[in-house]
Amino acid sequence: ACFGSRALFMSPYLEGWDSIGFALGLHDYDLSAHQPHFPGYPVYLLLAKLCRLVTASDASALTLCGVVASAAAVWPLYALAARLCGPAVALVAGALYVCNPLLWLEADKPYSDATGLLFILLAANWLHSGLTTDRRGALFLAGFALGIGLGARPANFPVVVSFVALLVWPVKAARARLAPALGGLAVGGAVWAIPLVLMTGWPDLWAAAHQHLTGHFTEWGG
């Protein structure tokens, strides 16, 4: 139901310079030329590149990535809600997610918002499972999902602060929780960060970071 609702309204157009940069990056990935802009969104671009194999245009590939991610996100949301409140509430949560106008709109645009949200919900579901059952594997998966997700939507980085705060409280259990969770976070981040550095080169990556962040906070980004 979620996939169908989004697929009916996929945007056939690139809606702004960021989406144009994403589209150019599907063919010639170059941060120095803002294809896309820093920090590169490598996970989102990789997933969109896979979607490009079954779509007719770059815009539809970028949007399809969000549509698929939006539909997939129903599973961790349902699982988390069911564990917290039971299956009836989980069904309501899933239905509200499917019908939420903002989430629906974001899934149908050629941007990484819906893809990033999928990884946050995966991390939240596994984190809750790990904290309530002391399963180190679930904690590792939570960190891994969050680390991978930063390569799809780097703006989700503040979630890491909440993630660590939940791990260190109560303090007595912090050490046992931190090792697998932060290990997963490091591995998930390295999966895309190392190839990004190798592809771009550290000097060019640093220059792109300085150029984009300086401009974003002082010229065009407010």
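Each remark here, short or long, concerns the structure printed above.
If you're wondering where the values come from, they're calculated on a predicted model, not measured in any experiment.

Counting its secondary structure elements, the protein chain contains twelve helices and zero strands. Oriented by its inertia axes, the alpha-carbon framework of the protein chain measures out at about 45 × 40 × 35 Å. With 222 residues in all, the protein chain has 45% of them scored as buried. Considering only contacts in the protein chain between residues 6 or more positions apart, those separated by 24 or more positions represent 64%. Roughly 11,300 Å² of accessible area belongs to the protein chain as shown, and the carbon and sulfur atoms make up 73% of that amount.

One finds Phe-22, Tyr-44, Leu-62 and Phe-163 to be the most contacted residues of the largest nonpolar core, which totals 46 residues. The contact partners of Phe-163, leaving out residues within four places of it in the chain, are Leu-127, Ala-142, Gly-143, Leu-146 and Ala-181.

Further remarks concern the pattern of salt bridges. Summed over the entire model, instances satisfying the criterion amount to two salt bridges. Asp-58 serves as the salt-bridge partner of Arg-52, at 2.7 Å between the closest nitrogen and oxygen.

Before going further, it helps to spend a moment on helix α10 (residues 158-167). Taken residue by residue, α10 has Val-160, Phe-163 and Leu-167 as its buried positions. Looking down the long axis of α10, one finds its buried residues gathered within 60 degrees of arc, a one-sided arrangement. Turned more than 90 degrees from where α10 packs its buried face, Pro-158 and Val-161 sit exposed. Turning to α10, the residues buried within the fold contact α8 (113-133), α9 (136-150) and α11 (174-200).

The next subject is unusual backbone geometry. Residue Pro-36 is bonded to the preceding Gln-35 through a cis peptide linkage, with omega at 0 degrees. Counting through the fold element by element, Pro-36 comes out in the loop between α2 (17-25) and α3 (42-52). Cis geometry marks the peptide bond from Phe-38 to Pro-39; its omega dihedral reads 10 degrees. Its location among the elements puts Pro-39 in the loop between α2 and α3. Positive phi values are uncommon outside glycine, yet His-34 reaches one of about 60 degrees. With respect to the secondary-structure elements, His-34 resides in the loop between α2 and α3.

Their axes nearest at 11 Å, the elements α9 and α10 cross at an angle of 165 degrees. In this view, α9 runs roughly antiparallel relative to α10, as classed from their interaxial angle. In the crossing of α9 with α10, the sense of the turn from one axis to the other is left-handed. Facing Leu-139, Ala-142, Gly-143, Leu-146 and Leu-150 of α9, the residues of α10 in contact are Val-159, Val-160, Phe-163 and Leu-167.

What follows is about the side chain of Arg-177. In this structure, Arg-177 sits in helix α11. The charged side chain of Arg-177 is buried without a salt bridge, its nearest counter-charge being Asp-134 at 4.9 Å. Once residues lying within four places of it in the same chain are set aside, the contact partners of Arg-177 are Leu-131, Leu-139, Leu-166, Leu-167, Trp-169 and Pro-170.

Side chains of Leu-46, Leu-47, Leu-50, Leu-53 and Val-54 sit close together on the surface and give an oily, nonpolar patch of about 530 Å² of accessible area. Note that Val-54 resides in the loop between α3 and α4 (58-72).

In contact at an axis separation of 4 Å, α4 and helix α5 (residues 74-85) are set at 20 degrees when each is read in the N-to-C sense. As summarised for this structure, α4 and α5 are arranged roughly parallel, according to the angle between their axes. Here Ser-70, Ala-71 and Ala-72 of α4 lie close against α5, whose contacting residues are Val-74, Trp-75 and Pro-76. Taken together, the residues of the contact of α4 with α5 sort by class into five nonpolar, one polar and no charged.

Each value, and the rule that gives it
In this convention, every chain numbers its residues from 1, walking through the sequence in written order. Reporting of local features is limited, given that this is a predicted model, to residues whose pLDDT is at least 70; pairs of side-chain atoms are given and counted only at 80 or more, and all residues count toward the totals for whole chains, interfaces and linings. Side-chain measures here rest on the full set of heavy atoms in the structure, leaving out hydrogens and waters. Helix and strand definitions here come from DSSP, where helices need a minimum of 4 consecutive H or I residues and strands a minimum of 2 consecutive E residues; each element is numbered from the N-terminal end. Relative accessibility under 20% of the residue-type maximum defines a buried residue, over 50% an exposed one, and the middle range a partly exposed one, all with a 1.4 Å probe and only protein chains included. In this analysis, two residues are considered to be in contact whenever any of their non-hydrogen atoms come within 4.5 Å of each other. Only the protein chains shown count as cover for residues, with accessible areas throughout obtained via the Shrake-Rupley method and a probe of 1.4 Å. In this description, a nonpolar core means a group of buried Ala, Val, Leu, Ile, Met, Phe, Trp, Tyr and Cys residues linked to one another through side-chain atoms lying within 4.5 Å. Any Lys or Arg side-chain nitrogen located within 4 Å of an Asp or Glu carboxyl oxygen qualifies as a salt bridge. By construction, the arc corresponds to the directions joining the helix axis to the C-beta atoms. The axes used here are C-alpha line fits, helices contributing only the stretch in contact, and every angle between their N-to-C directions lies in the interval 0 to 180 degrees. Roughly parallel covers angles under 35 degrees, roughly antiparallel covers those over 145, roughly perpendicular covers 65 to 115, and oblique covers all other angles. Two helices crossing with the near one rotated counterclockwise from the far one by less than a right angle form a left-handed crossing, whereas a clockwise rotation gives a right-handed crossing. A residue counts as positive if it is Lys or Arg and as negative if it is Asp or Glu; His and the chain ends are not included. Every patch collects residues that have over 30% relative accessible area and no salt bridge, joining them within 9 Å if they carry like charges and within 5 Å if they are nonpolar side chains (Val, Leu, Ile, Met, Phe, Trp, Tyr). Under the grouping applied here, Gly and all other residues not named as nonpolar or charged are polar, the nonpolar ones being Ala, Val, Leu, Ile, Met, Phe, Trp, Tyr, Cys and Pro and the charged ones Asp, Glu, Lys and Arg.

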